Every structure is written in structure tokens, then in C-alpha cells.
Protein chains: 2
Amino acid sequence: MKTAANTDEKYMREALKEAAAALERGEVPIGAVVVETARGRIIGRGHNLTETLTDATAHAEMQAITAASAALGGKYLDGCTLYVTVEPCPMCAGAMAWAQLGRLVYGAADPKRGFMRFGTAMLHPRTAVDAGVSAEECGTLVSGFFKKLRD
Amino acid sequence: MKTAANTDEKYMREALKEAAAALERGEVPIGAVVVETARGRIIGRGHNLTETLTDATAHAEMQAITAASAALGGKYLDGCTLYVTVEPCPMCAGAMAWAQLGRLVYGAADPKRGFMRFGTAMLHPRTAVDAGVSAEECGTLVSGFFKKLRD
């Protein structure tokens with residue numbers, strides 16, 4: 001039986017593929033996809049490219065939001081769900097607020113760098129939020145990356 | 001006599017030129033420049049392009065940060081000052097935090113949309129902040145734009 005939870009995991013697997021692509025480039029492995037909620041169509045993808053582009057703003061979510069807006073030909077993503085492997089930072093949450101994102105689903109929490117330090121007031125009031133989807137897999141990818149850097 | 005205040009006003013005039021360029025395109029007139037603090041050299045410029053690019057992330061500061069990082073070949077802007085005509089939003093403040101910006105100077109306050117709702121904890125702990133430079137001119141440009149839209 002296909003449930004909403006299955007669907008979320010399915011799209012989170014797509015975000016995880018993006019995170020794997022970041023890892024291959026030596027980037028912090030975080031990935032994101034934007035899905036048109038009603039049609040279930042992926043309209044934007046992105047992975048962290050801050051080192052590759054030497055640009056601190058080149059987070060997975062920023063790429064995915066820009067790509068989705070280009071695909072839609074409009075800057076509002078109220079009919080969309082953004083899946084990202086790790087809790088967004090305040091920059092990315094702020095971008096989601098401007099885009100009036102319909103729904104945010106994230107995997108692993110990031111208590112140190114995540115936007116939740118500032119609360120959901122950082123998002124648009126109509127943005128629904130679900131956390132913890134495939135959290136262990138998403139988190140292990142990042143913690144493994146940093147462990148390897150330290151070793 | 002050349003004082004620090006003169007210098008700030010001089011670079012804010014450059015940010016205002018960017019804001020004027022946004023206005024010409026029918027964009028909310030906000031502009032920014034990034035200056036290498038020690039050399040006084042402008043290494044990044046940007047103006048709001050959210051409508052032109054149909055991208056909610058295309059704020060003046062984001063363009064200027066990306067341009068400055070490209071000019072320096074590095075993603076850290078700790079030796080730089082960013083001048084922007086209006087108080088940055090949380091997205092842009094979050095970008096400044098990642099870039100470890102040395103100093104932020106803004107013109108008009110934006111109590112409704114600005115990052116100061118969440119406090120300076122949004123910025124990097126070493127980022128100095130000065131507000132109110134050419135505030136009236138910066139603010140009038142934006143309020144005039146919205147007044148014209150309503151008329």
C-alpha cells in the first residue's frame with residue numbers, strides 16, 4: 001500500500017542521490033529536490049557546491065529552489081514540497097520563506113546550524129514542515145564525511 | 001578631511017547606483033556592493049533581480065556575495081565590507097554568516113522583513129554591523145517604489 005510516508009521516503013531517496021553526488025565532488029554531502037506536490041513531478045534538484053563554486057551561498061536547497069523556479073517560470077513554490085537530507089540553515093529557510101514554499105520535508109536535524117534555532121517563524125506561515133524522514137541515513141552520510149576529514 | 005563616515009557614504013552611493021539599476025528594470029530598488037576593506041576596492045556588485053530572473057533568491061546581497069567570492073577565488077569575506085541600501089533579510093544575513101563577512105553596513109531599517117527580528121545571532125560572531133548610513137535616501141527609494149505601485 002502506498003502511503004504518504006512511502007512517498008516522502010521515495011523523494012528523500014532522490015535527495016540522497018543528490019547528496020551522494022556532492023560527496024563524489026568532495027563537498028559536504030547534502031542534497032535536495034523540489035517536487036510539484038499535486039503531480040509528484042521533480043522540478044528542481046541540487047546538491048551542495050560551496051567548494052566547487054567557491055561560493056558560500058551554493059547550498060543544495062538554493063540550487064533546487066532556483067531550478068524549480070526556472071522550471072515553473074515563477075518564483076513562488078506554494079504548490080511544491082522541498083525534500084532535503086539535512087535541516088536547512090537560516091539562509092535556505094529564508095529563501096523558502098520568500099518562495100512561499102508549500103511544504104518542507106527534511107531528514108537529519110542540525111541543532112548547531114539549522115534554522116530551528118530561530119523557530120518556524122523563519123518560514124512562510126503557510127509552509128508545512130515534516131522532519132526526520134530517513135533521518136539516520138541522511139545524518140550518517142554527513143557525520144561520516146566529517147569523521148573522514150578528521151581521520 | 002576624509003573620515004570613516006565619508007568612506008561609508010561613498011560606498012553607499014555605489015550601492016545606491018545598483019538600487020537605481022534595479023528600479024530601471026522594475027525591480028524593488030535595493031542595491032549592494034562588497035568592498036575589500038583594507039584596499040577600498042569594490043569586488044562585487046549586485047541589485048535585486050527577483051522578477052527578472054523569476055527567482056526569489058536573487059537579492060542584491062546574494063549577487064554581490066557571489067560576485068565577490070568569484071573575484072577573490074575564495075568563499076570567505078572576512079576581509080570585506082558589504083554595503084546594502086536596506087537592512088538584509090534573514091536569507092541574506094544567513095549568507096553573510098556562511099561567508100564570515102567582516103563588516104555589514106546598511107542604510108534603511110526594515111523592521112518587517114529584516115534579519116534584526118532574529119537579532120545579530122544570525123550573523124557570524126565576528127561581523128561588525130553599522131546601520132543608518134544614508135538611511136533616508138535608501139529608504140525613500142523603496143517607499144517611493146511601493147507608493148507608485150499602489151497609485
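Residues numbered from 1 in each chain as written. Chains lettered and ligands numbered in written order. Predicted model: local features only at pLDDT ≥ 70, side-chain atom pairs only at ≥ 80, totals over all residues. Heavy atoms only, no water.

(A) The arrangement of the interface of chain A and chain B in detail. Residue-level contacts link 25 residues of chain A with 25 residues of chain B. Summing both sides of the interface, chain A and chain B together bury roughly 2100 Å²; the carbon and sulfur share of this comes to 69%. A per-residue breakdown of the area chain A buries against chain B is headed by Lys75, Trp98 and Phe118 of chain A, which together make up 30% of the total. Inspection of the region where chain A meets chain B yields two salt bridges. A salt bridge links Lys75 of chain A to Glu51 of chain B; the shortest N-O distance between them is 2.6 Å. Here chain A and chain B share six residue pairs in polar contact (both at pLDDT 80 or more) between them. (Contact = heavy atoms within 4.5 Å. Buried area = accessible area lost by both parts, 1.4 Å probe. Salt bridge = Lys/Arg side-chain N within 4 Å of Asp/Glu carboxyl O. Polar contact = N/O pair within 3.5 Å; in protein donor to acceptor, adjacent residues only side chain to side chain.)

(B) Representation of the packing of aromatic side chains within the structure. Counted according to the given criterion, the structure contains seven aromatic pairs over all chains. Both rings, one in Tyr11 of chain A and one in Tyr83 of chain A, keep their centres 5.3 Å apart while their planes meet at 40 degrees; by these two values the pair is tilted. In this pair, Tyr11 of chain A sits in helix α1 (residues 4-24) while Tyr83 of chain A sits in strand β3 (residues 80-86), placing the two residues 72 residues apart along the sequence. Each of the two residues, Tyr11 of chain A as well as Tyr83 of chain A, counts as buried. Between Phe145 of chain B and Phe146 of chain B, the ring centres sit 5.3 Å apart and the planes meet at 80 degrees, which makes this aromatic pair edge-to-face. (Phe/Tyr/Trp six-rings, centres within 6.5 Å; stacked < 30°, edge-to-face > 60°. Helix = DSSP H or I, 4+ residues; strand = E, 2+ residues; numbered from the N terminus. Buried < 20%, exposed > 50% of the residue type's maximum accessible area, 1.4 Å probe, protein only.)

(C) Looking closely at the relation of the copies chain A and chain B. Overlaying chain A with chain B gives an RMSD of 0.0 Å, the required rotation being 180 degrees about an axis along which the chain moves by 0.0 Å. Such a combination of rotation and displacement between the chain copies is what one expects of a two-fold axis. The rotation axis passes nearest to the C-alpha of Met91 of chain A in chain A, at a distance of 1.9 Å. Interface overlap between copies is the fraction of interface residues in one copy that are interface residues in the other; for chain A against chain B it reaches 100%, indicating a shared surface. (Least-squares fit on C-alpha atoms with pLDDT ≥ 70 in both.)

(D) Local environment of the packing of helix α1 (residues 4-24) of chain B against helix α4 (residues 135-150) of chain B. All names here are of chain B. Contact geometry for α1 and α4: axes closest at 10 Å, N-to-C directions at 10 degrees. With respect to each other, α1 and α4 are oriented roughly parallel. Here Met12, Leu16, Ala19, Ala20 and Leu23 of α1 lie close against α4, whose contacting residues are Glu137, Cys138, Leu141 and Phe145. Classifying every residue of the contact of α1 with α4 by side-chain character gives eight nonpolar, no polar and one charged. (Axes fitted to C-alpha atoms, helices over the stretch in contact; angles between N-to-C directions. Parallel < 35°, antiparallel > 145°, perpendicular 65-115°, else oblique. Nonpolar A, V, L, I, M, F, W, Y, C, P; charged D, E, K, R; others polar.)

(E) Up close: unusual backbone geometry. Residue and element names in this part refer to chain A. The phi dihedral of Thr54 falls on the positive side, at around 40 degrees, and the residue is not glycine. By secondary structure assignment, the location of Thr54 is in the loop between β2 (41-47) and α2 (60-72). Phi angles above zero are rare outside glycine, and Gln100 is one such case at about 50 degrees. Within the secondary structure, Gln100 sits in the loop between α3 (90-98) and β4 (103-108). By relative accessible area, Gln100 is classed as partly exposed at 26%.

(F) Main features of the pairing of strand β4 (residues 103-108) of chain B. Residue and element names in this part refer to chain B. For β4, a buried count of five out of six residues is recorded, marking the element as mostly surrounded by other parts of the structure. In terms of strand pairing, strand β3 (residues 80-86) meets β4 through five bridges, oriented parallel. Looking at the pairing, Leu82 lines up with Leu104 of β4. In this fold, the crossover linking β3 to β4 by way of helix α3 (residues 90-98) has right-handed handedness. As defined by bridge partners, β4 adjoins strand β5 (residues 128-131) across four bridges and the pair is classed as parallel. Its bridge partner lying in β5, Val105 is registered against Asp130. (Pairing = 2+ DSSP bridges. Right-handed = clockwise from strand over helix to strand, strands pointing away.)

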